[in-house]
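Observations on the three-dimensional arrangement
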Amino acid sequence: MIPEHLRYVSTHEWLDPKTGKVGITDPAQEQLGDMVFVEFPEVGSEFAKGERFGSVESVKSVSDCYLPVSGKVVAINEDLLEAPEILNQDPYEKGWLIKIEIKNPAEIDELMSAADYDKFVKEEAGEH
Amino acid sequence: MTQMKKTALNAVVKELGGRMVDFAGWEMPVQFSGIIDEHNTVRTAAGLFDVSHMGEIEFRGKDAFNAVQRLVCNDVSKMSIGQAMYAGLLYPNGTFVDDLLVHKIADDYYMLCVNAGNSDKDFAWVKENTSGDVEVTNASLKTAQLALQGPKARRILQKITPVDLGQIRYYWFTHGSVAGVDNLLIAATGYTGERGFEIYIPNEHAEHVFREIMKAGEEFGIKPTGLGARDTLRLEAGMMLYGNDIDDTTTPLEANLSWIVKMDAGDFIGREALQKQLEEGIRRRLVGFEMLEPGIPRHGYDISKDGVKVGHVTSGTRAPFLKKSIGLGYVPVELTALETELDIMIRGRAVRAKVISTPFYKRPRKKKKVSRA
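Cut-offs used in this document
- Residues numbered from 1 in each chain as written.
- Chains lettered and ligands numbered in written order.
- Predicted model: local features only at pLDDT ≥ 70, side-chain atom pairs only at ≥ 80, totals over all residues.
- Heavy atoms only, no water.
- Helix = DSSP H or I, 4+ residues; strand = E, 2+ residues; numbered from the N terminus.
- Expected span 1.5 Å × (residues − 1).
- Contact = heavy atoms within 4.5 Å.
- Buried < 20%, exposed > 50% of the residue type's maximum accessible area, 1.4 Å probe, protein only.
- Domains from an automatic or database assignment.
- Buried area = accessible area lost by both parts, 1.4 Å probe.
- Salt bridge = Lys/Arg side-chain N within 4 Å of Asp/Glu carboxyl O.
- Polar contact = N/O pair within 3.5 Å; in protein donor to acceptor, adjacent residues only side chain to side chain.
- Nonpolar A, V, L, I, M, F, W, Y, C, P; charged D, E, K, R; others polar.

Time to look at helix α4 (residues 114-126) of chain A. Between its first and last C-alpha atoms α4(A) spans 18 Å; for 13 residues at 1.5 Å apiece the expected length is 18 Å, and the two agree. In the core, the buried residues of α4(A) are packed alongside β1 (7-8) and α1 (26-32) of chain A.

So this is what it looks like as structure tokens:
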């Protein structure tokens, strides 16, 4: 199930508009496979909407992570440094990547809802 | 997009939940339960791989020996019937057309197991460079291959074959029946660093044998395993992957494979170039390294020393069993000593690594009992 309270982008990240937490989606972790490494940005660094802020690595591949909205990093999920597999087990809760201070709340309106994202994932899968 | 080729096991691996990808034009399972789980299952129990995409090229006739001896850099004259040998198929400049396993089935009958992505190229190359009384055939599309690998592999297979598997030494093979299918080539070879078997099966019997092995292995915790784990297993075991660690720009001497180069094995293709390389000195070599700081090396990343690019990573991964990040790469010979520190450039960031010995993983061997006198 795709959580209703989050917002999504086509690069498969989610944003919690209330807390400012950002992560990768369940279809994304499923596609990437066993996670083994997370590259985090520095706390305090700022990124524009759509800018690369880090990466997640599975055994087989590296995948860049892009910020859904512009913001400043206020926290990183240090649990993932020791146990990146949390990303596979619980991508929407314990597997959050970073927490940001949202710079421009208007940008949230441009993001996909759970229903939109669900449709997007199904369409993307259908292309193959 | 051209249609992907399907192995005889396509349906059964999909049924078992294989996630299919395009590999060298074949639709192959990259993973089932997950690469880490599959990898560790092979290290501790057994995994069953569909490797039917691998190519088989057969040489039959009076001049089969001469043909194979001229084509590969290892010494085929030292082989007995029933023996398998790792070798390189080289261009005249000493670089790899492919790496392969030679199987001596009879004095006038050899079978070469080659990489899937190279099999058409290899077949054309060997045809072009073979003369005399020998028939060369490409059996790739009618032959399936299973790799049963892991410490439990022998006990599993023994349940469904009358062949005494304990008698097949490492890198030897025999013909026998498995699951009621007669005359299969059963080789004690593999690409995982574990003991196990590679079984060559006519397509029409492949699914039956696959299912019977899975059934026999249930009590031992067998799992279907995919190409993802195959790659991490072979890398932990320090084995080469064509297209990554060796290719048509590298020679076996540079790749630390001088043990498969027998300069006295007659006038094989590439010999002269290798002789020259030996005389002039080898400038770069493949080394194994492990990361000293967080980060995972990947194919194509630069290797630097004191801020200067000195080479590149050919393979790298997080090693699931060893639980560290490891890789292979070419560096100048003066940087190949064990413990030499190198930087792996991961997205512009220099991450420290050091040269270590390969294979990274060695399977635990049973200790022989020493009698006290």
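What follows covers the side chain of B:Asp245. Residue and element names in this part refer to chain B. With respect to the helices and strands, Asp-245 occurs in the loop between α7 (227-236) and α8 (271-280). Residue class for Asp-245 comes out buried when judged on its relative accessible area of 0%. Those residues in contact with Asp-245 that lie beyond four places of it in its chain are Arg-234, Met-239, Met-240, Thr-250, Leu-286, Thr-314, Ser-315, Leu-328 and Tyr-330.

A separate point is the domain arrangement of chain B. Residues and elements named next belong to chain B. As far as domains go, chain B holds domain 1 (10-51 + 141-236) and domain 2 (283-356). Placing a centre on the C-alpha atoms of domain 1 and another on those of domain 2 gives a separation of 32 Å. Opposite the nine residues of domain 1 that make contact, domain 2 presents nine residues. Roughly 750 Å² is buried in total at the junction of domain 1 and domain 2, and carbon and sulfur atoms are behind 74% of that figure. At the junction of domain 1 with domain 2, the criterion picks out zero salt bridges. At the junction of domain 1 with domain 2, the criterion picks out three residue pairs in polar contact (both at pLDDT 80 or more). Of all the secondary-structure elements, those providing two or more residues to the side of domain 1 that touches domain 2 are α2 (35-44) and α7. Ranked by the residues each element gives to the side of domain 1 that touches domain 2, the list is headed by α2, at five residues. When its residues are assigned to classes, the side of domain 1 that touches domain 2 shows two nonpolar, four polar and three charged.

Turning to the interface of chain A and chain B, a few remarks are in order. Put simply, an interface is often sized by how much accessible area is lost when its parts join up. On the side of chain B, 18 residues touch chain A, which itself brings 16 residues to the contact. Taken over both partners, the interface formed by chain A and chain B buries close to 1,300 Å², and the fraction arising from carbon and sulfur atoms is 50%. Its largest share of buried area at the contact with chain B, chain A owes to A:Phe37, A:Val59 and A:Lys60, together 41% of the area lost on that side. For the pair chain A and chain B, the interface holds four salt bridges. The salt bridge partner of B:Arg347 is A:Asp64, with a shortest N-O separation of 2.7 Å. Elements supplying a minimum of two residues to the side of chain A that touches chain B: α1, β4 (35-39), β6 (52-58) and β7 (62-66) of chain A.

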